[in-house]
Amino acid sequence: MFATANAHHRAAPAGKSLTMQSHNVYIGLGSNLDNPTQQVIDGINALAALRETQLLATSSLYASAPIGPQDQPPFINAVALIKTALTPIALLDALQALEQDAGRVRKRHWGERTLDLDILLFGEQTIEHPRLKVPHPFMCERRFVLEPLLEVSPHAHLPNGTALSQVLPETLTQEIWHHCTLALDSLGSVAPQ
Ligand code: ROI
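The structure contained in this document is the topic of the report that follows. (Residues numbered from 1 in each chain as written. Predicted model: local features only at pLDDT ≥ 70, side-chain atom pairs only at ≥ 80, totals over all residues. Heavy atoms only, no water.)

Quick look at the site of the ligand
Around the ligand, a shell composed of 13 residues is seen, among which Ser 64, Ala 65, Ile 67, Asn 77 and Arg 113 lie nearest. Here a nitrogen atom of the ligand and a side-chain polar atom of Ser 64 are 2.8 Å apart. Take Arg 113: an N or O atom from its side chain is 3.1 Å from an oxygen atom of the ligand. When the free accessible area of the ligand is taken as 350 Å², the share hidden by the protein chains comes to 96%. Taken together, the residues of the shell around the ligand sort by class into 6 nonpolar, 4 polar and 3 charged. (Near = heavy atom within 4 Å. Polar contact = N/O pair within 3.5 Å; in protein donor to acceptor, adjacent residues only side chain to side chain. Areas by Shrake-Rupley, 256 points an atom, 1.4 Å probe, with all protein chains shown as cover. Nonpolar A, V, L, I, M, F, W, Y, C, P; charged D, E, K, R; others polar.)

Some details on the nonpolar core
Core analysis: the largest hydrophobic core is formed by 32 residues, its most contacted members being Ile 27, Ile 44, Leu 47, Leu 61, Leu 91, Leu 95 and Ile 119. Elements with a contribution of two residues or more to this core: strand S2 (23-31), helix H1 (36-48), strand S4 (61-64), strand S5 (75-84), helix H2 (88-101), strand S6 (116-122) and strand S8 (132-134). With residues near it in sequence (within four places) discarded, Leu 61 still touches Thr 37, Val 40, Ile 41, Ile 44, Ile 76, Asn 77, Ala 78, Trp 177, His 178, His 179, Cys 180 and Leu 182. (Core = buried A, V, L, I, M, F, W, Y, C linked by side-chain atoms within 4.5 Å. Buried < 20%, exposed > 50% of the residue type's maximum accessible area, 1.4 Å probe, protein only. Helix = DSSP H or I, 4+ residues; strand = E, 2+ residues; numbered from the N terminus. Contact = heavy atoms within 4.5 Å.)

Side note on the packing of aromatic side chains
Applying the stated rule across the entire model yields 1 aromatic pair. Arranged with centres 5.7 Å apart and planes meeting at 90°, the rings of Trp 110 and Phe 138 form a pair that is edge-to-face. A residue pair is termed long-range when its members are at least 10 positions apart, and Trp 110 in the loop between H2 and S6 and Phe 138 in the loop between S8 and helix H3 (143-152) qualify at 28 residues. For Trp 110, a relative accessible area of 35% gives the class partly exposed. According to the relative accessible area criterion, Phe 138 is partly exposed, its value standing at 33%. Sitting over the ring of Trp 110, Arg 142 keeps its end group 5.1 Å from the ring centre. (Phe/Tyr/Trp six-rings, centres within 6.5 Å; stacked < 30°, edge-to-face > 60°. Lys NZ or Arg CZ within 6 Å of the ring centre and 35° of its normal.)

Focus on the environment of Pro 36
Tracing the backbone through its elements, the reader meets Pro 36 in helix H1. Distance from Pro 36 to Ala 48, taken between C-alpha atoms, is 19 Å for residues 12 residues apart in sequence. Residue contacts for Pro 36: discarding those within four places in its chain leaves Ser 31 and Ile 76.

A closer look at unusual backbone geometry
Residue Pro 135 follows Val 134 across a cis peptide bond; omega there is -5°. Phi at Asn 35 is positive, roughly 60°, even though this residue is not glycine. By relative accessible area, which is 47% here, Asn 35 ends up partly exposed. Unusually for a residue other than glycine, Trp 110 sits at a positive phi of about 55°.

So, H3
When you tally the buried positions in H3, you get 10 out of 10 residues, the bulk of the element. What H3 keeps buried is the set Arg 143, Phe 144, Val 145, Leu 146, Glu 147, Pro 148, Leu 149, Leu 150, Glu 151 and Val 152.

As structure tokens, then:
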């Protein structure tokens, strides 16, 4: 059902050790503007370059029908697993800066976007902050989130213990397609395989 064998897991890159308390964090990436495949690949590489952060794994890239207005291009989606010593809000600030760097365009509510970087899960934490809710409030309703996340971590669960593999079947009417697999080079950069 999902391509577990394709997910790339990597050892910590040399010279990038995290001494402070750190958390495993899942990031959802999505784009449907300005060469979406390249946007998502650049986004994953930018995550790998964040301070106090290691890229641990990436899913394949998936193409998905838009959730929201249907008169917009399909999306490219992926999920990355990082280990970070940043706090949730410091990470949110860093992700929003990366979105701006990508020339973030958001044409309308639930419409086209250049690059979206969403914190899906932050360790086992539940976060209710005016700027940030974790787990991501819509993640369990979206196949384009669940399928790549389960490719990376087939046993992933919510802080309340619910296995994500249990909620995936409710989303299977949504259309997504395997788009391409990524290869990680020795420096920790990804490129299409
Ligand atoms: N639909 C798909 N398929 N993928 C996305 O990443 C995505 N992101 C969004 C909205 C507009 C809700 N729809 C999406 O933000």
